[in-house]
Amino acid sequence: MPGRNTSFKLPGLTKWVDNIKNAVSQEAAREIVKDLQFLGPWYSGEFSKNWTVKLGKTSIGATKERNSKSWFKLPLGQTTTKPGGRDQMPGPISGVPRPQGRKSIFYTIGNPMKYRNIALDLEPGRFDPNKKNTAGQDWYVLYVETGLLDKRLEVSTQRVANQAKIKGFKGLKDTRGELGL
Amino acid sequence: MNLQNIRKYYEYPVIDCCNLGGVEFRAENTLEPGGDAIHKFCLARLQFGEMAEQTIACGPLSNKRAVFIVEYYGPKGIGPADAQDFMECVICKFHDLKGVTSINGPDFTSLDDRPYFFSRVSFGLQIPQELD
């Protein structure tokens, strides 16, 4: 007998999986931005507060000028106080857009400030070992390339998986409805 | 393999490229690149990152992660060829090294506030045990 492809459908399960996927992505994007704010430089706070999350594979241009008012009102060399803990970080400037539907989810995280390459230490000019620095040298590549980003994704997935609405498998009600139970 | 030997393993191929291209090599924590662009030079630094899950230096090596950053500084106004040749040499050398998990760059840019043409590449590393 020739083999054939078998497909089956569990009513409610697809929706449940979608809920998990959407919630994990949204949570991860928010938490990654908080990491970047916590690890990154904080002088006037302008750069940190401008981290942006957009839905989809898109680009975030370096278009935003430094707000000279917020910069120059600080005495030379003085910084505004960086929030003490990671949890006190403001998060993305306009929140994280909620993904809809069952398509693959992509988020683009970026910072629109014109001087971002310097703030990210991708171009020299920020870090000075002889001065007070609010972020270590190469803080951004260290976060992305040495496992901290991966760890954040792991932790976010774990946190969402433990949420009551995910654990409770809301799709079961739908499943019962489909099966007439 | 201790941390200094790891640095040596990844720095030496860059020093080879410096010798080939007549570029001065400066390791991390040497002179600041803030002077005049009368000659070209290369800065390289190894930043150890997330590796404290089990141990730092005396146990399994699979948890040692790092970023190796190579920065080229050259005079402005001589075109990008020199920087491109140098970066190509470095990247080709790193293709043959063990433990390179990602390559980001190279990026080329003319620095606004310094008299240098600048290029940068970074390599994500997870130091393999067989390096010992």
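Residues numbered from 1 in each chain as written. Chains lettered and ligands numbered in written order. Predicted model: local features only at pLDDT ≥ 70, side-chain atom pairs only at ≥ 80, totals over all residues. Heavy atoms only, no water.

Peer 1: Explanation requested: the interface of chain B and chain A in the structure shown.
Peer 2: One widely used convention gives an interface's size as the accessible area the parts lose upon coming together. With 22 residues of chain B at the contact, the number on the chain A side is 14 residues. Counting the surface lost from both chain B and chain A, the interface buries some 1400 Å², and carbon and sulfur atoms represent 49% of this. Across the chain B-chain A interface, the total number found is two salt bridges. In this assembly, chain B and chain A are joined by eight residue pairs in polar contact (both at pLDDT 80 or more). Looking at the side of chain B that touches chain A, the elements that each hand over two or more residues are β2 (41-48), β3 (65-75), β4 (100-110) and β5 (116-126) of chain B. Here the side of chain B that touches chain A is built from residues that sort into eight nonpolar, seven polar and seven charged. (Contact = heavy atoms within 4.5 Å. Buried area = accessible area lost by both parts, 1.4 Å probe. Salt bridge = Lys/Arg side-chain N within 4 Å of Asp/Glu carboxyl O. Polar contact = N/O pair within 3.5 Å; in protein donor to acceptor, adjacent residues only side chain to side chain. Helix = DSSP H or I, 4+ residues; strand = E, 2+ residues; numbered from the N terminus. Nonpolar A, V, L, I, M, F, W, Y, C, P; charged D, E, K, R; others polar.)

Peer 1: Is there a simple way to explain the layout of surface pockets in this structure?
Peer 2: Left-over empty space is what a probe sized like a water molecule reveals as it rolls over the atoms. Put simply, the second largest pocket is a space of about 270 Å³. Secondary structure elements with two or more residues in the lining of the second largest pocket: α1 (13-39), β2 (107-110) and α5 (139-145) of chain A. (1 Å grid on protein atoms, 1.4 Å probe; cavity = no way out; pocket = protein on both sides within 12 Å on 5 of 7 lines; lining within 4 Å. Points joined across faces, edges and corners; volume = space filled by probe spheres on them.)

Peer 1: Is there a simple way to think about the nonpolar core in this case?
Peer 2: Counting residues in each nonpolar core, the largest one holds 27 residues, and the members touching the most others are B:Tyr10, B:Val14, B:Phe68, B:Val70, B:Phe86 and B:Phe123. Ranked by residue count, the leading element in this core is helix α2 (residues 81-95) of chain B, at seven residues. Those residues in contact with B:Phe68 that lie beyond four places of it in its chain are B:Tyr10, B:Glu11, B:Val14, B:Ala44, B:Arg45, B:Leu46, B:Phe94, B:Val121, B:Ser122, B:Phe123 and B:Leu125. If you look at the next biggest cluster of nonpolar residues, it comprises 17 residues, including A:Leu36, A:Phe47, A:Tyr115 and A:Tyr143. (Core = buried A, V, L, I, M, F, W, Y, C linked by side-chain atoms within 4.5 Å. Buried < 20%, exposed > 50% of the residue type's maximum accessible area, 1.4 Å probe, protein only.)

Peer 1: It is not clear to me how the environment of A:Glu145 should be interpreted in this structure. Could you clarify?
Peer 2: Mapping A:Glu145 onto the fold places it in helix α5. With near-sequence residues (within four places) excluded, A:Glu145 lies in contact with B:Val67, B:Ser102, B:Asn104, B:Ser122, B:Phe123 and B:Gly124. At 3.2 Å, the side chain of A:Glu145 forms a polar contact with the side chain of B:Ser122.

Peer 1: Just checking my understanding: could you explain the packing of aromatic side chains for this structure?
Peer 2: Aromatic ring pairs are described here by two measures, namely the spacing of the ring centres and the angle between the planes. Under the defined criterion, the tally for this structure stands at 13 aromatic pairs over all chains. Geometrically, the ring pair formed by B:Tyr10 and B:Phe68 is tilted, given 6.4 Å between the ring centres and 40° between the ring planes. Note that B:Tyr10 is positioned in helix α1 (residues 3-21) and B:Phe68 in strand β3, a separation of 58 residues in sequence. We classify B:Tyr10 as buried; its relative accessible area is 0%. When the centroid spacing of 5.5 Å and the interplanar angle of 20° are considered together, the rings of B:Phe68 and B:Phe94 count as stacked. One end of the pair, B:Phe68, is in strand β3; the other, B:Phe94, is in helix α2, and 26 residues separate them in sequence. Overall, B:Phe68 belongs to the buried group, its relative accessible area being 0%. Above the ring of A:Tyr115, the side-chain terminus of A:Arg66 is found at 4.3 Å from the ring centroid. For the cation-ring pair, B:Arg26 lies above B:Phe41, with the distance from its terminal atom to the ring centre recorded as 3.9 Å. (Phe/Tyr/Trp six-rings, centres within 6.5 Å; stacked < 30°, edge-to-face > 60°. Lys NZ or Arg CZ within 6 Å of the ring centre and 35° of its normal.)

Peer 1: Is there a simple way to think about the state of the cysteines in this case?
Peer 2: What we call a disulfide is simply a covalent bond connecting the sulfur atoms of a pair of cysteines. Residues and elements named next belong to chain B. This model, assessed by the stated rule, comprises one disulfide over all chains. Note that Cys17 is cross-linked by a disulfide to Cys89, the S-S spacing being 2.1 Å. Handedness here is read from the sign of the S-S torsion; for Cys17 and Cys89, about -90°, the answer is left-handed. You can see Cys17 sitting in helix α1 and its partner Cys89 sitting in helix α2, a full 72 residues away along the chain. Exposure remark for Cys17: the relative accessible area of 2% places this residue in the buried category. Residue Cys89 is classed as buried on the basis of its relative accessible area, which comes to 19%. In this structure Cys18 is not part of a disulfide, and its nearest cysteine sulfur, from Cys42, lies 4.0 Å away. Classification of Cys42 by relative accessible area gives buried; the value is 0%. (Disulfide = S-S within 2.5 Å.)

Peer 1: So what exactly am I meant to see when it comes to the confidence of the model for chain A here?
Peer 2: Predicted coordinates in regions of low pLDDT should not be interpreted in detail. Predicted confidence across chain A gives a mean pLDDT of 76, with 70% of residues reaching 70 or more. Every residue in residues 168-181 of chain A is under pLDDT 50, and counting partners more than four places away or in other chains gives 13 contacts. (pLDDT = per-residue confidence, 0-100.)

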